[in-house]
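For reference, the chains in residue letters:
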Amino acid sequence: SARLRAVLGPQLTIIRDAARVLLSTPSFVAVVLSLLGDEDPFTRRKALEILGARLTESSVRGMPHEEQALCVEMLADLHRAMQRATHEGPPPRRGAGDEAERAHVDVETAVQAVTILARAFARQFAAKFVPLLDAVAGQLSENTPQSTSCYLCIATLCAALGPRAFPKLSVFLPPMLH
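(A) Structural context of the overall build of the protein. Across its full length, the protein carries 10 helices and 0 strands. The order of α-helices and β-strands along the protein, N terminus first, is α-α-α-α-α-α-α-α-α-α. A separation of at least 24 residues holds for 73% of the contacts in the protein among residues at least 6 apart in sequence. Working note: accessible area of the protein is about 9,900 Å², and carbon and sulfur atoms make up 60% of it.

In structure tokens, the structure reads:
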């Protein structure tokens with residue numbers, strides 16, 4: 001798998017960049033959501049890179065409001081992914097250790113995607129982002145691999161939401177101080 005990536009990596013990067021530019025926003029959102037749900041962590045990481053590259057500050061500024069709203073609609077899927085990864089038991093074909101690791105990666109992927117979306121849209125769509133403070137804070141626990149991503153996401157949300165984040169301080173501050 002690593003050898004195949006090394007051989008095909010440069011070509012796939014060219015194809016990925018071309019597809020990112022050519023896809024309409026609805027198609028882009030569908031493709032990114034599909035890639036974020038892939039079993040391969042490498043594929044999920046690339047989906048985050050694609051999302052971040054597409055949602056740069058300059059591209060968001062010129063994006064029509066309807067397309068911005070469509071991107072923000074990804075939040076519901078990401079929130080469900082965080083909940084599912086936290087609450088599902090291991091499937092029969094995998095061991096509990098493998099499933100726990102996958103759940104951590106799934107949560108971290110979702111949290112990182114929320115961070116990217118928050119940077120781009122939280123100021124304009126604050127009402128959609130405020131509930132995510134609860135969801136991300138719910139992922140904080142002692143020394144989990146995704147804790148750093150959760151802290152970054154919470155900081156990004158607070159910076160973008162400003163005073164709207166204050167009512168949620170009691171939700172995310174205690175786990176952060178523990």
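(B) Representation of a nonpolar patch on the surface within the structure. A contiguous nonpolar surface patch, about 550 Å² in accessible area, is contributed by Tyr151, Phe166, Leu169, Leu173, Met176 and Leu177. A total of 4 residues in the nonpolar patch trace back to one element, the largest contributor, which is helix 10 (residues 169-177). Turning to its location among the elements, Leu169 is positioned in helix 10.

(C) Spatial organisation of helix 8 (residues 126-137). Across its 12 residues, helix 8 extends 17 Å between first and last C-alpha, which sits within 8% of the 16 Å expected from 1.5 Å per residue. Looking only at helix 8, the buried set comprises Ala126, Phe129, Val130, Leu132, Leu133, Ala135, Val136 and Ala137.

(D) Representation of the nonpolar core within the structure. One finds Leu51, Leu55, Leu117, Phe121, Phe129 and Leu161 to be the most contacted residues of the largest nonpolar core, which totals 47 residues. When residues of this core are traced back to their parent elements, those giving at least two are helix 2 (25-36), helix 3 (41-54), helix 5 (65-72), helix 6 (74-87), helix 7 (96-121), helix 8 and helix 9 (147-161). For this core, the leading source of residues is helix 7, giving 10 residues. Contact partners of Leu55, with chain neighbours within four places excluded, come to Val60, Met63, Cys71, Ile116, Leu117, Ala120 and Phe121.

(E) Seen up close, the packing of aromatic side chains. The final tally for this structure, using the stated rule, is 1 aromatic pair. Relative to Phe125, the ring of Phe121 has its centre 6.3 Å away and its plane inclined at 80°; by these criteria the two rings are edge-to-face. Pair check on accessibility: Phe121 and Phe125 agree, each one buried.

Calculation notes
Residues numbered from 1 in each chain as written. Predicted model: local features only at pLDDT ≥ 70, side-chain atom pairs only at ≥ 80, totals over all residues. Heavy atoms only, no water. Helix = DSSP H or I, 4+ residues; strand = E, 2+ residues; numbered from the N terminus. Contact = heavy atoms within 4.5 Å. Areas by Shrake-Rupley, 256 points an atom, 1.4 Å probe, with all protein chains shown as cover. Patch = residues over 30% accessible without salt bridge, like charges linked within 9 Å, V, L, I, M, F, W, Y side chains within 5 Å. Salt bridge = Lys/Arg side-chain N within 4 Å of Asp/Glu carboxyl O. Expected span 1.5 Å × (residues − 1). Buried < 20%, exposed > 50% of the residue type's maximum accessible area, 1.4 Å probe, protein only. Core = buried A, V, L, I, M, F, W, Y, C linked by side-chain atoms within 4.5 Å. Phe/Tyr/Trp six-rings, centres within 6.5 Å; stacked < 30°, edge-to-face > 60°.

That's the geometry; what it means functionally is another story.
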